[in-house]
Amino acid sequence: MKALVLSGGSGTRLRPISYAMPKQLVPIAGKPVLEYVLENIRDLDIKEVGIVVGDWAQEIIEAIGDGSRFGLRITYIRQDQPLGIAHCVKLAREFLDEDDFVLYLGDIMLDGDLPAQAREFLRARPAARIVVRQVPDPRAFGVIELDAQGQVLRLVEKPREPRSDLAAMGVYFFTADVHRAVDAIRPSARGELEITDAIQWLLEHGSRVEAGRYTDYWKDTGRVEDVVECNRRMLGRLARRVSGEVGPESELLGGVVVEEGARVTRSRIVGPAVIGAGTVVEDSQIGPYASIGRHCTVRASRLSDSIVLDDASILAVAGLHGSLIGRGARVGPGARGEARHRLVVGDHVQIEIAA
C-alpha cells in the first residue's frame, strides 16, 4: 500500500501566519503538522509516499526532504491550481499505479489507532473505506449517510442541511477502482473534482464502500484556536529533556524540554513546555502549554498556552496567552500586572502592547 498526502491549499483561516508559510508546516509542540502526518503513515507500514504540493512546494520540499529521516521514500507531485481532492488522485495516477493507497490530508492531526482502520481495509478490501467521526456541525465536511445496517448510502460535500452528523475526517483508503471513478466524474459547482463525487460514483456502480468510525483524537488545524489546542495535546505527550543551559536561579517544573543551545536564566518554566534550540529565556515565566521555537528571545515576560515560531522576540509582555506568534515577529514592550492578551502575529511583524 502507498500513501498520497495533500499539502496544497492556501490556509486562509490561518492568516496572517499562512501568508508567509504553508499551514502544513505550522509547528505543533515544536514539530510541523506534516511531520506528524508522515509518522502516522509510517506506522501503517507504508514506505512509498506521494506528497501533492502547490504554491508552497519549495518550502515543503526543503522542510521534509526525500523522506529518509522518516524511513519513507517521498515523491513530490505538483498541483498548479487547487482543483479538488479527486484531481490530486488524477495527478498522482502514475505514482499510485495499481496499488491500494491511503489518501491523507496534510493539515489534520490524529492521535489514535489509525492502524486499526488500515487493517480493516486490507482485510475486506472494499473499493473505498472512509474514516469518519461524529461532529457537532458537519456542514463544512463531506457528510456520509448510512442505512439502518450501517452501510454507506450516499455522500454529500458540504451540505447546507446535513442528513447525518458523520463527517469524512480527511483519511480515505482506496483500491485502484477509484481511478475509474475519478475519470468518470465532472467538476462540481465550485469547479473542483470532489472525492465525495468519486466515492458516490463507486456506490452507484455497484462497488463496495465502507465507513470506519474513528473515536480517538482528531483535529483540523485550519484555525488558530485549533492549532493552539493541538499544541496543548501534543505537549502533554513529551518527556522531560534538558539539553540546553539552565541557570541556578531558574526552576523547571514537570515535562519541560530545553533543546541544545537554549539558555534559561532567572526564569520559571512550567511544563509541559518546549524551549527551542538556541532560544534565550530571561527573567520570565513560561508555561504551561507553551512551545517556543528556535533562536527566539523572551525577556521579562509571561507566556502560556501559546506557540512562538522561530526567531521571534517577546520583550516585557505580561500575560500572553492562547497566542500564535509568527517567525521573526517582535512583541513588546508590554503590559504589566495581570493582563492577559491573545495575539495572532504574522511573520516579521512588530507590535507593541499598551498597559
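Read on for an overview of the structure. Keep in mind that what you see is a predicted model, and the values were worked out from it rather than measured.

**Some points on the packing of aromatic side chains**
Using the criterion set out here, one finds 4 aromatic pairs in the structure. Summarising the aromatic geometry, the rings of F141 and W218 are spaced 5.8 Å apart at their centres and angled 55 degrees between planes, so their arrangement reads as tilted. Of the two residues, F141 sits in the loop between β8 (128–134) and β9 (142–146) while W218 sits in strand β13 (residues 217–220), which places them 77 residues apart along the sequence. Residue class for F141 comes out buried when judged on its relative accessible area of 18%. On the basis of relative accessibility, which here comes to 13%, the residue W218 falls in the buried class. The interplanar angle of 10 degrees and the centroid separation of 6.0 Å between the aromatic rings of Y172 and F174 together place this pair among those described as stacked. We note that Y172, like F174, is buried. Ring-pair connections join several aromatic residues into one group, and the members of that group are F101, Y172 and F174.

**Let's talk about the sheet that holds strand β25 (residues 302–304)**
Reading across from one edge, β16-β19-β22-β25-β28 is the order of the 5 strands in this open sheet, with parallel pairing throughout. The open sheet is flanked by β16 (251–253) and β28 (320–321), the only strands paired with a single partner. Across 3 bridges, β16 lies against strand β19 (residues 268–270) in parallel orientation. The partner of L252 across the bridge, within β19, is I269.

**A short note on the pairing of strand β11 (residues 166–174)**
Taken across its 9 residues, β11 has 9 buried, putting it largely inside the fold. Two elements, strand β6 (residues 101–105) and β11, share 4 bridges in a ladder whose sense is antiparallel. Looking across to β11, one finds that V102 is bridged to F173. Of the strand pairs in this sheet, β8 and β11 are connected by 6 bridges, and their pairing is antiparallel. By the bridge assignment for β11, R133 is matched with A167.

**Quick notes on unusual backbone geometry**
Looking along the chain, the bond that leaves G271 and enters P272 is cis, with omega of 5 degrees. In this structure, P272 sits in the loop between β19 and β20 (273–275). Look at the link from G287 to P288: it is a cis peptide, with omega at 0 degrees. Tracing the backbone shows P288 in the loop between β22 (285–286) and β23 (290–292). The backbone phi angle of A29 is positive, close to 50 degrees, even though this residue is not glycine. Assignment of secondary structure puts A29 in the loop between β2 (27–28) and β3 (31–32). Overall, A29 belongs to the buried group, its relative accessible area being 10%. We note that D283 has phi near 50 degrees; this positive angle belongs to a residue other than glycine. Mapping D283 onto the fold places it in the loop between β21 (280–282) and β22.

**A closer look at the side chain of H179**
Here H179 lies in helix α6 (residues 178–184). Once residues lying within four places of it in the same chain are set aside, the contact partners of H179 are V89, R93, L96, D97 and F101.

How each quantity is defined
Residues numbered from 1 in each chain as written. Predicted model: local features only at pLDDT ≥ 70, side-chain atom pairs only at ≥ 80, totals over all residues. Heavy atoms only, no water. Phe/Tyr/Trp six-rings, centres within 6.5 Å; stacked < 30°, edge-to-face > 60°. Helix = DSSP H or I, 4+ residues; strand = E, 2+ residues; numbered from the N terminus. Buried < 20%, exposed > 50% of the residue type's maximum accessible area, 1.4 Å probe, protein only. Pairing = 2+ DSSP bridges. Contact = heavy atoms within 4.5 Å.

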